[in-house]
Amino acid sequence: MSHSPQSRTVVGCTLLVASLSAGLAACGSGGHPLSAKPYDAAGQIAVSAPVDGARKADPDKPLEVTARGAEGRITDVTATDEKGRQVAGELAADGGRWHSTAPLAAGAHYTVRVSTENEDGEPGRRTVTFDTSTPKTKKRLKVTFGPDAGKYGVGQPVTAELSVPVKDKAARAVVERALQVDSVPAVQGSWYWVDDETLHYRPKTYWPTHATITAHANLEGVKVGTRLWGAKVAPLKLTTGDRVIAVTDASSHSMTVYRNGEEINEIPVTTGKPGFETRNGVKVVLGKEYYVRMRGTTVGISEGSSDSYDLPVYYATRVTWSGEYVHAAPWSVGSQGYENVSHGCTGMSTGNAEWFFDTVRTGDIVKVVNSNGDDMDPFGNGYGDWNVTWKKWHQGSALQKGPTETDKARLRPEDV
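Residues numbered from 1 in each chain as written. Predicted model: local features only at pLDDT ≥ 70, side-chain atom pairs only at ≥ 80, totals over all residues. Heavy atoms only, no water.

### Details of the overall build of the protein
Looking only at helices and strands, the protein features four helices and 29 strands. Per-residue burial over the protein gives 44% buried out of 416 residues. Within the protein, residue pairs in contact and separated by at least 24 positions form 65% of the contacts whose partners lie at least 6 positions apart. Counting only carbon and sulfur atoms, one obtains 48% of the accessible surface of the protein, whose full area is about 20,900 Å². (Helix = DSSP H or I, 4+ residues; strand = E, 2+ residues; numbered from the N terminus. Buried < 20%, exposed > 50% of the residue type's maximum accessible area, 1.4 Å probe, protein only. Contact = heavy atoms within 4.5 Å. Areas by Shrake-Rupley, 256 points an atom, 1.4 Å probe, with all protein chains shown as cover.)

### Considerations on the packing of aromatic side chains
With the rule as written, the count across this model stands at 12 aromatic pairs. Here the aromatic rings of Tyr 110 and Phe 130 are separated by 5.5 Å at their centres, their planes lie at 20 degrees, and the arrangement is stacked. On the criterion of sequence distance, the pair formed by Tyr 110 in strand 8 (residues 109-118) and Phe 130 in strand 9 (residues 123-131) is long-range, its members being 20 residues apart. On the basis of relative accessible area, Tyr 110 is assigned to the buried category, the value being 3%. A residue is classified by how much of its surface remains accessible, and Phe 130, at 3% relative accessible area, is buried. On the numbers, 4.8 Å between centres and 35 degrees between planes, the contact of Tyr 192 with Trp 393 is tilted. Of this pair, Tyr 192 sits in strand 15 (residues 189-195) while Trp 393 sits in helix 3 (residues 390-395); the two residues are 201 residues apart in sequence, bridging distant segments of the chain. Exposure class is identical for Tyr 192 and Trp 393. Each is buried. The structure contains a cluster of three or more aromatic residues connected by ring pairs, namely Tyr 290, Tyr 291, Tyr 314, Tyr 315 and Phe 357. If you follow Arg 202 out to its NZ or CZ, it ends over the ring of Trp 393, 4.8 Å from the centre. (Phe/Tyr/Trp six-rings, centres within 6.5 Å; stacked < 30°, edge-to-face > 60°. Lys NZ or Arg CZ within 6 Å of the ring centre and 35° of its normal.)

### Some details on the pairing of strand 23 (residues 262-268)
With six bridges joining them, strand 22 (residues 254-259) and strand 23 adopt antiparallel strand pairing. Among the inter-strand pairings, Ser 254 is bridged to a residue of strand 23, identified as Pro 268. Between strand 22 and strand 23, which pair antiparallel and follow one another directly, the connecting turn spans two residues, one of which, Asn 260, has a positive phi of 55 degrees. (Pairing = 2+ DSSP bridges.)

### Brief notes about the nonpolar core
Counting residues in each nonpolar core, the largest one holds 37 residues, and the members touching the most others are Phe 145, Val 158, Leu 179 and Trp 191. Beyond its immediate chain neighbours, meaning those up to four positions away, Phe 145 contacts Thr 159, Ala 160, Leu 179, Trp 191, Ala 215, His 216, Ala 217, Val 233, Ala 234 and Leu 236. If you look at the next biggest cluster of nonpolar residues, it comprises 19 residues, including Ile 74, Tyr 110, Val 112 and Val 114. (Core = buried A, V, L, I, M, F, W, Y, C linked by side-chain atoms within 4.5 Å.)

### Some remarks on the sheet that holds strand 22
Ordered by their spatial adjacency, five strands build an open sheet running 23-22-21-29-24, and the pairing between neighbours is mixed. Two strands close off the open sheet at either side, each with one partner strand: strand 23 and strand 24 (281-284). For this sheet, the mean inter-axis angle between neighbouring strands, taken without regard to orientation, is 20 degrees. As paired strands, strand 24 and strand 29 (residues 365-369) are joined by four bridges and run antiparallel to one another. Within the sheet, the bridge partner assigned to Val 284 lies in strand 29 and is Ile 365. Along the sheet, helix 2 (residues 350-359) makes contact with strand 21 (244-249), strand 22, strand 23 and strand 29, crossing strand 23 at roughly 145 degrees. (Axes fitted to C-alpha atoms, helices over the stretch in contact; angles between N-to-C directions.)

From the geometry alone we can't say anything about function, so treat these as descriptive.
What follows is the structure, encoded as structure tokens:
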């Protein structure tokens, strides 16, 4: 089965192209083209800001100057406000487009001077002016904590999804300082920036059993960056259950399940066959589905090929978004405990799969060892967070480059 990624809102930037009235001035005859009087390049360029004076440009949108048609190209652009501050920009190699690489100021008056040349090498000039508006409302950075409130296994990370991408390191530090995660009993933990809009929080080791975890933010009214301010954030409360860890040994074709450190079951299994090896590493249970229709086409297997399949599957415990499960596989009972014949999932008898389904909860740990498959991706295909060493996890924080001296004293030698 495939996972549909969470949708994110993207603010579109519609360029308001102002047509500059055409009117070419006659060029002097004779001599080098560059010695000629520059012609009016109004018909050769378009500017993204409204230059008619009736409207004001949005300072949060980039400034663009583009060449019209193929009869000429842009050679230089300067954009300066009334205080003499020049806007940094970048000109395409073919002279077809210039765009600002720094934000415009709000409530400012800009003068844009554009130099061009036509196909004969003759120089053109055009100067336009425009004003930027003063934002009536500030941009608000909203944060959504995850997962939903409830009871989870000890491997469940806390997530924070941002409504606006935050790339600047200083701004990231402001956000991270405002996002607080507490647990009772208390543990050492840290945020990790997965990307510009996503953070994960986990402790050094798994959460304590029967813990209460709360996530909250002191972000409302805090200035994060230019015209970006924090919004109110809804808090989150989670609890954990027993420490349930299932370890699948692909070489011995068995799964051993532990609760709070005590072995409670050993189950014969089959994992991925050659070419479809099960991923090694620590995975977190993402959810449970009593019935799933599994088709080979969803993982790239051609319909009608020797590896094609279309099966009703029961007691399916999902561990990756791409479709890796622990599930009932009555068709392979003869191979379970002896050889690996699946397409990447961990298969077991219907009775054992029902027991496993009833025993684990979302957030519990499923670890695969001794498989010839790739390692579990830390992010993007479920929660592979626990495959990142504590040292590297610290380096994913905007607040420090690595563990402090106090942290180092607590780390295992292999993590330092």
